[in-house]
Amino acid sequence: MSLLDAIKYSVVQGHIDSSSKFPKDMEGKDGVHELTQQAIDSGISVEDILTQGLIPAMSIVGKRYEKNEIFVPEMLFSAKAMKSGLELIKPFLTEDSDLILGTVIIGTVQGDLHDIGKNLVCMMLEGAGFQIEDLGINVTAQKFLEAAKNNPDAIIGMSALLTVTMKNMKGVIDLLRANDLDNKVFIGGAPVTPAFAEEIGALGYAKNANQAVREAKRLLGVAA
Ligand code: B12
């Protein structure tokens, strides 16, 4: 099995590192942490590690969950395993840049605890020269409003992974506009579509972290 396949397999299995006891049959074996480090050391690009190892693994996990082959605890192990790989990749995505293009206030909307994709978007934006104010997960409309009041020029990014919580994005935009704030908003997350973005008055949408950088630049009028 190639290193990238091994990373993917270990994320799917939820095997974090060699000291992790889950799953039982992988105990003592290298996990996502070690395998990601080996991939970096062997010169595999972080982009390949992300797009051929870590990210596709999470779609497999999602499909297995949908088919009731795994449940929330297993999904959580996979999420932790994914994070242990992302931690190692972060320094490569966020090299120091003297140039600050603008500020992005970002958060996962109220009711939603998914943050892997949002964190990846943060890393890529930071790497591209944006200053990030990360409000975290389960962020209320009021919290987005307070942050926007303190930074009326910032663009606002919202993430949602659940069909029930993506509706809360509209509540944030409505609250901003009711308070005469015209911060530009862009959104993302697996269930979000460009049509939904348009419907709720978000000016931007991106389906992955690379596109998120392009969208943020477009919204600020900075050349890509
Ligand atoms: C990991 C995971 C979890 C973990 C989350 C851990 C964490 N810290 O994030 C845990 C175990 C906690 C979890 C819990 C639940 N989950 Co869950 N989860 C997932 C899973 C498998 C992967 C998500 C992920 O990390 N993907 C990888 C990242 C890299 O991709 P991404 O998030 O899509 O982000 C990219 C883009 O969307 C975009 N993007 C994301 N955010 C933003 C923001 C901006 C501004 C922009 C521009 C772009 C952008 O760029 C990102 C990078 O490329 C998905 C399945 C799936 N395929 O999405 C289910 C999934 C989202 N979960 C689901 C469910 C049902 C749940 C639970 C309700 C389960 C339960 N019964 O408790 C709970 C809900 C908890 C809550 N209130 O939020 C369903 C949602 C169904 C639906 N349509 O609503 C899914 C789709 C699984 C499924 N197929 O059924 N989950």
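Everything discussed here concerns the structure shown above.
Just so it is clear, the structure is predicted and the values come from calculations on it, not from any experiment.

The rules behind the values
Residues numbered from 1 in each chain as written. Predicted model: local features only at pLDDT ≥ 70, side-chain atom pairs only at ≥ 80, totals over all residues. Helix = DSSP H or I, 4+ residues; strand = E, 2+ residues; numbered from the N terminus. Rg over C-alpha atoms; globule rule 2.2 N^0.38 Å. Buried ≥ 20, exposed ≤ 12 C-beta atoms within 10 Å, placed from the backbone. Pairing = 2+ DSSP bridges. Contact = placed C-beta atoms within 7 Å. Axes fitted to C-alpha atoms, helices over the stretch in contact; angles between N-to-C directions. Core = buried A, V, L, I, M, F, W, Y, C linked by C-beta atoms within 7 Å. Domains from an automatic or database assignment. Parallel < 35°, antiparallel > 145°, perpendicular 65-115°, else oblique. Left-handed = near helix turned anticlockwise from the far one by under 90°. Expected span 1.5 Å × (residues − 1). Arc of directions from axis to C-beta.

### What to know about the overall build of the protein chain
When helices and strands are tallied, the protein chain shows 10 helices and 5 strands. On C-alpha atoms alone, the protein chain measures out to a radius of gyration of 18 Å, which is about the 17 Å that the 2.2 N^0.38 rule sets for 224 residues. Dimensions of the protein chain, computed from C-alpha atoms along their principal axes, come out at roughly 55 × 40 × 25 Å. Every one of the 224 residues in the protein chain was classed for burial, and the buried ones make up 39%.

### Some thoughts on the sheet that holds strand 1 (residues 102-108)
Strand pairing in a sheet relies on backbone hydrogen bonds. The paired strands run either parallel or antiparallel. Read across the sheet, 5 strands follow the order 2-1-3-4-5 without closing on themselves; strand pairing throughout is parallel. Every other strand in the sheet has two partners, leaving strand 2 (130-134) and strand 5 (204-205) as the edge strands with one partner each. Where strand 1 lies against strand 3 (residues 155-159), 5 bridges are found, and the strand directions are parallel. Note that in strand 3 the partner of Ile 106 across the bridge is Gly 157. Strand contacts of helix 5 (residues 116-127): strand 1, strand 2, strand 3 and strand 4 (185-188), with the helix running at about 150° to strand 2, the strand carrying the most contacts.

### Side note on the nonpolar core
Membership of the largest hydrophobic core comes to 58 residues, with the highest contact counts inside it found for Val 11, Met 124, Leu 125, Met 169 and Ile 187. Three or more residues apiece are contributed to this core by two domains, here domain 1 (3-93) and domain 2 (102-220). Discounting chain neighbours no more than four positions away, the residues touching Val 11 are Val 32, Leu 54, Ala 57, Met 58, Ser 78, Ala 81 and Met 82.

### Focus on the packing of helix 6 (residues 141-150) against helix 8 (residues 168-178)
At a minimum axis separation of 9 Å, helix 6 and helix 8 run at an interaxial angle of 45°. On the basis of their axis angle, the class for helix 6 and helix 8 is oblique. Along this stretch, helix 6 crosses helix 8, giving a crossing that reads as right-handed. Contacts between helix 6 and helix 8 pair Ala 141, Phe 144, Leu 145 and Ala 148 from the former with Gly 171, Val 172, Leu 175 and Leu 176 from the latter.

### Considering the packing of helix 5 against helix 10 (residues 209-220)
The interhelical angle for the contact between helix 5 and helix 10, taken along N-to-C directions, is 50°, at an axis separation of 9 Å. In this view, helix 5 runs oblique relative to helix 10, as classed from their interaxial angle. Handedness of the crossing formed by helix 5 with helix 10: right-handed. On helix 10, the residues that touch Leu 120, Val 121, Met 124 and Leu 125 of helix 5 are Ala 209, Asn 210, Ala 212, Val 213 and Ala 216.

### Details of helix 10
Across its 12 residues, helix 10 extends 17 Å between first and last C-alpha, which sits within 8% of the 16 Å expected from 1.5 Å per residue. All of the buried residues along helix 10 are Ala 209, Ala 212, Val 213, Glu 215 and Ala 216. Seen along its axis, helix 10 keeps its buried residues to an arc of 165°; they face one direction. Buried positions along helix 10 lie against strand 1, helix 5, strand 2, strand 3, strand 4 and strand 5. Phi turns positive one or two residues past the end of helix 10, at Gly 221, with a value near 75°.

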